[in-house]
Amino acid sequence: MDRTLCPLLVFLAVLATTFATDSDCVFRQFPDASSYVCECSANFCDTIEEYALNDGNFVVFTSGKRGYRLDKEEYPIRNFALPDDGITITVDKSRRYQSILGFGGSFTDSAALNLYNLSAPAQDNLLRAYFSEDGIEYTLGRVPMASCDFSTREYSYADTQDDFELETFALVEEDIVYKIPMIKRALQMSSRNVNLIGSAWSSPGWMKTNGAMKGGGRLYGLPGGQYYKTWALYFAKFLEAYQENEVEMWGLTGGNEPTAGLFPNYKWQCLFFSPSLQRDFIKRDLGPTLHERGHGDVKLLIMDDQRFLLPRWAQVVLEDAEAAAYVSGIGIHWYWDDIVDASRLNETHHAYPDYFMLATEACEGHLNREEEVILGSWERGEAYSYSIIEDLSNWVAGWIDWNLALDLIGGPNWVGNFVDSPIIVDAKNDVFYKQPMYYHLGHFSKFVVPGSLRVGSEADQDRRVEHIAFQLPDGNMALVVLNRKEFTFPLHIYDPDVGYLNAEIPSRSIQTFLWKSPTN
């Protein structure tokens, strides 16, 4: 950390705590962190100021390493750019790309357990931070089917040997007591529609060649056979069990990270599928079963694994007409993105433009060389927003984070696979900390609502900032700009229909600009 920042950060923390309004962040600085977190309790949590767009003015929300957390300012639109050496970003609405599905996080067992370790008022503040109009208004949620590593134990919904009709299928305490109540509270708080996606880590062990949920292995037999039919029925029964508890799934993935099942020493739940196995499972078992049981409208996503598997995975599945008829999209994880070029996404879209791509899992702190939780890491927030901009600039339609909330060590996790989260719960003190990652996500989820259309944007000084532009469903405009440099730049956003938005982007900051379209 730059030690010269410490006095400034301490000053900001004291200032914010002393003069906090109903919406201000209560800054909390932790040792050796590059920035700070916002502390929330049963009695207080910062909120996002309301805004309205008027002719002749624009609104900008800013978060920065050295100050600001989604702070709002308003300025006039001009018919000229100020004379300086700043950056000009030109927005081109005639270049139209993909429609946005939304942004969100995952309702894991661990997230629910951490939520319920807080007092009831603090629980409400945490859920409001993600789903209410006061917060960043997530519109997507991923739900593990049975256990994953972010559970406290291994379990399935049908552990009875050779129960091929799944007569003993039943949800468990983690669903009934924790996840489903959490989901229902989140949905009730939201003024937007929240679409939920179910993902399975493994079948029950008795269906697998290794006899266990973890440690690699695949289903016995071949697609079309008894075990594959039963596994397809398991998906349908999951949908129906959640429906009985008044929770509807918008989508399903074919299985979380199916290539993990190649490794016999894999530490947590997994189930192997190759592209061809998934193709045949979908067309012979899963697709027909979902349709026969009345779930044909549920969006089915293939892959749900790393970017480097594209475009090959899509090619194998989607060039089979029978399988493709059941598929809506492609799920993508981010864990090898730093060594795999995003051009694979662009190539996949152009080959299969009728199928959306959705980023379905991401987290920081997952590498062995990293600290699992870093309270106040600005760099981890930048990694999120950089990934979102890169993905969406290459036709990805939305982005789902991993755990909604974890504890101070990044768990619980039954195999010790601890990671970071945008919200960290300190149950002992009945508080939670909103990380920089939370605010970086909010610069997209709060303002780029589902149905927004990505449009063109070009900077006259390439590589100085990252940026992406959208036309919102109401016709108005949004532009997100990420500055990862240690310099503050004058910034001019040129929309030929309205003029120049003259502003400044602070060093190490992210901003969302909003303005009214004259055609609206």
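Draft legend 1. View of the nonpolar core. Trp231, Phe238 and Leu318 are the most contacted members of the largest nonpolar core, which has 141 residues in total. If you tally residues by element for this core, the top one is helix α5 (residues 226–244), at twelve residues. In this structure, Trp231 is in contact with Ala200, Ser202, Ser203, Pro204, Met207, Leu219, Leu271, Phe273 and Phe281, ignoring residues within four places of it in sequence. Counting 21 residues, the second largest nonpolar core, distinct from the first, contains Val60, Ala469, Phe489 and Leu501.

Draft legend 2. Broad picture of the pattern of salt bridges. Scanning all chains against the criterion turns up 31 salt bridges. Here Arg142 makes a salt bridge to Asp304, at a shortest N to O gap of 3.0 Å. Within this pair, whereas Arg142 is found in strand β7 (residues 140–145), its partner Asp304 is found in strand β10 (residues 299–306), the two being separated by 162 residues in sequence. Asp304 shares its class with Arg142; the two are buried.

Draft legend 3. Structural detail: the sheet that holds strand β11 (residues 329–333). Spatially, the eight strands close up into a barrel ordered β6-β7-β8-β9-β10-β11-β12-β13, and their pairing is parallel. Pairwise comparison of adjacent strand axes, ignoring direction, gives a mean angle of 25° for this sheet. Here three bridges tie strand β9 (residues 251–253) to β10, and the two strands are oriented parallel to one another. Its bridge partner being in β10, Gly251 is matched across the sheet by Lys299. Sitting on the sheet, α5 is in contact with β7, β8 (195–200) and β9, with an inclination near 125° to β7.

Draft legend 4. Here's a closer look at the state of the cysteines. What the rule picks out here adds up to two disulfides. With a sulfur-sulfur separation of 2.1 Å, Cys25 is cross-linked through a disulfide to Cys38. Judged by the torsion about the S-S bond (-110°), the Cys25/Cys38 disulfide is left-handed. In this pair, Cys25 is assigned in the loop between α1 (6–19) and β1 (27–28) and Cys38 in strand β2 (residues 37–40), connecting sequence segments 13 residues apart. Just as Cys25 is buried, Cys38 falls in that class too. Two residues share a disulfide in this structure: Cys40 and Cys45, whose sulfurs sit 2.1 Å from each other. Here the S-S torsion is close to 60°, and the disulfide linking Cys40 with Cys45 is therefore right-handed. Taken individually, Cys40 and Cys45 each receive the classification buried, so the pair is uniform in this respect. Across the protein chain, the way the bonded cysteines pair up, counted in sequence order, is 1-2, 3-4.

The rules we used
- Residues numbered from 1 in each chain as written.
- Predicted model: local features only at pLDDT ≥ 70, side-chain atom pairs only at ≥ 80, totals over all residues.
- Heavy atoms only, no water.
- Core = buried A, V, L, I, M, F, W, Y, C linked by side-chain atoms within 4.5 Å.
- Buried < 20%, exposed > 50% of the residue type's maximum accessible area, 1.4 Å probe, protein only.
- Helix = DSSP H or I, 4+ residues; strand = E, 2+ residues; numbered from the N terminus.
- Contact = heavy atoms within 4.5 Å.
- Salt bridge = Lys/Arg side-chain N within 4 Å of Asp/Glu carboxyl O.
- Pairing = 2+ DSSP bridges.
- Axes fitted to C-alpha atoms, helices over the stretch in contact; angles between N-to-C directions.
- Disulfide = S-S within 2.5 Å.

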